[in-house]
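# Architecture and fold: a report
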Amino acid sequence: MTAQPPQRPLRVVVASHREILARGLVAILADHPEAVAVSVGASLRGVGPAVDVVLYDLALLDDSGPTPLRELVRASAGRVIGLAESIDGPHRHVVDEHGLAGFLPTDVHAQELFGAIAAVAAGRLLPRAVEDAGPLTRREAEIVGLIAQGLSNDEIAAKLVISHNTLKSHIRQAYRRIGVSTRAQAVAWANQHGLG
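Residues numbered from 1 in each chain as written. Predicted model: local features only at pLDDT ≥ 70, side-chain atom pairs only at ≥ 80, totals over all residues. Heavy atoms only, no water.

## Some remarks on the overall build of the protein
Summing up its helical and strand segments, the protein has 9 helices and 5 strands in all. In the protein, the order of α-helices and β-strands from amino to carboxyl end is β-α-β-β-α-α-β-α-β-α-α-α-α-α. By residue count, 42% of the 196 residues in the protein fall in the buried class. A sequence separation of at least 24 residues applies to 65% of the contacts in the protein between residues at least 6 apart. Total accessible area on the protein stands at roughly 10600 Å², and carbon and sulfur atoms take up 53% of it. (Helix = DSSP H or I, 4+ residues; strand = E, 2+ residues; numbered from the N terminus. Buried < 20%, exposed > 50% of the residue type's maximum accessible area, 1.4 Å probe, protein only. Contact = heavy atoms within 4.5 Å. Areas by Shrake-Rupley, 256 points an atom, 1.4 Å probe, with all protein chains shown as cover.)

This is the structure in C-alpha cells:
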C-alpha cells in the first residue's frame, strides 16, 4: 500500500479594509493551520494561482469599483468568495456579474466557512443565497429550496457541509415558521414562494 503524500494547507487571502472583519476571519482560520494558511491582502496585487481562495469583502467595491474585482476573479481563476452583511442593494448581482464562486454572510459560522473554502478550492460553486424568503432565515430558505428540489437529508447535509443534527434543527425551525409539518407541505410552500 502506497502512503499518500501529506496535503498542504489551502492558501487563503482575506481581502478587507475592515479590521474587525479581517482579524475575525484570520483568527477563525488560524485555529486550523493544518487545513488553512491565511493572510490578509492589504493589496490585491499579486493574488494569482498560488492562492487557493480569496475571501473578498464586498464593501471594497465602494473603494475600488468593479474593475479590480474582475481582475482579481480572473487572476485567481474564479476562486473568490464574496462577503457582505446581506446580498441586497448594490451587491445583489455581484456574484453573477463578476464571476465569484459564491457569497457568504459576514456572520458565517466557522464550520460553514471551512466547508465553503474547501468547496471553492476544489473548483465548485457555492449554493446560491436565497434573497427573499419571507419568514425564513437565509439558511432555512436554502434548505427548504433544496428539499423542494428533491434532495434527501443526506444530500443536503453534504452539499451545505453541515451535520445531520444541525440540518434537522434547521428543518424543524423552518417547518414551524412556515406552518407545515410534512415534507410534501414544505415542497408546496417552497413552490408557492419561488424557492422550488
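## Topic: the sheet that holds strand β5 (residues 102-105)
Read across the open sheet, the 5 strands follow the order β2-β1-β3-β4-β5; overall the sheet is parallel. Each edge of the open sheet is held by one strand with a lone partner, namely β2 (36-40) and β5. Across the sheet, the mean angle from the axis of one strand to that of its neighbour is 25°, orientation sign disregarded. Each of β1 (10-15), β2, β3 (53-57), β4 (80-84) and β5 is contacted by helix α5 (residues 110-121), which is oriented at about 125° to β3, the strand it contacts most. (Pairing = 2+ DSSP bridges. Axes fitted to C-alpha atoms, helices over the stretch in contact; angles between N-to-C directions.)

## Topic: unusual backbone geometry
Backbone geometry places valine 161, a non-glycine residue, at a positive phi of 55°. Relative to the helices and strands, valine 161 resides in the loop between α7 (153-160) and α8 (164-178).

## Observations concerning α7
Among the residues of α7, Ile156, Ala157 and Leu160 are the ones counted as buried. Projection of α7 onto a plane perpendicular to its axis shows the buried side chains occupying an angular sector of 95°, all on one side. Away from the buried face of α7 by more than 90 degrees, exposed residues Asp154 and Ala158 are located. Those residues of α7 that are buried lie in contact with α6 (138-148), α8 and α9 (183-192). Positive phi shows up at valine 161, right after α7, with a value of about 55°. (Arc of directions from axis to C-beta.)

## Details of the side chain of aspartate 52
With respect to the secondary-structure elements, aspartate 52 resides in the loop between β2 and β3. Of note is the side chain of aspartate 52, whose polar atom sits 2.7 Å from the side chain of arginine 8. Once you skip the residues sitting within four places of it in the chain, aspartate 52 turns out to touch Arg8, Pro9, Leu10, Arg11, Arg79 and Ala121. (Polar contact = N/O pair within 3.5 Å; in protein donor to acceptor, adjacent residues only side chain to side chain.)

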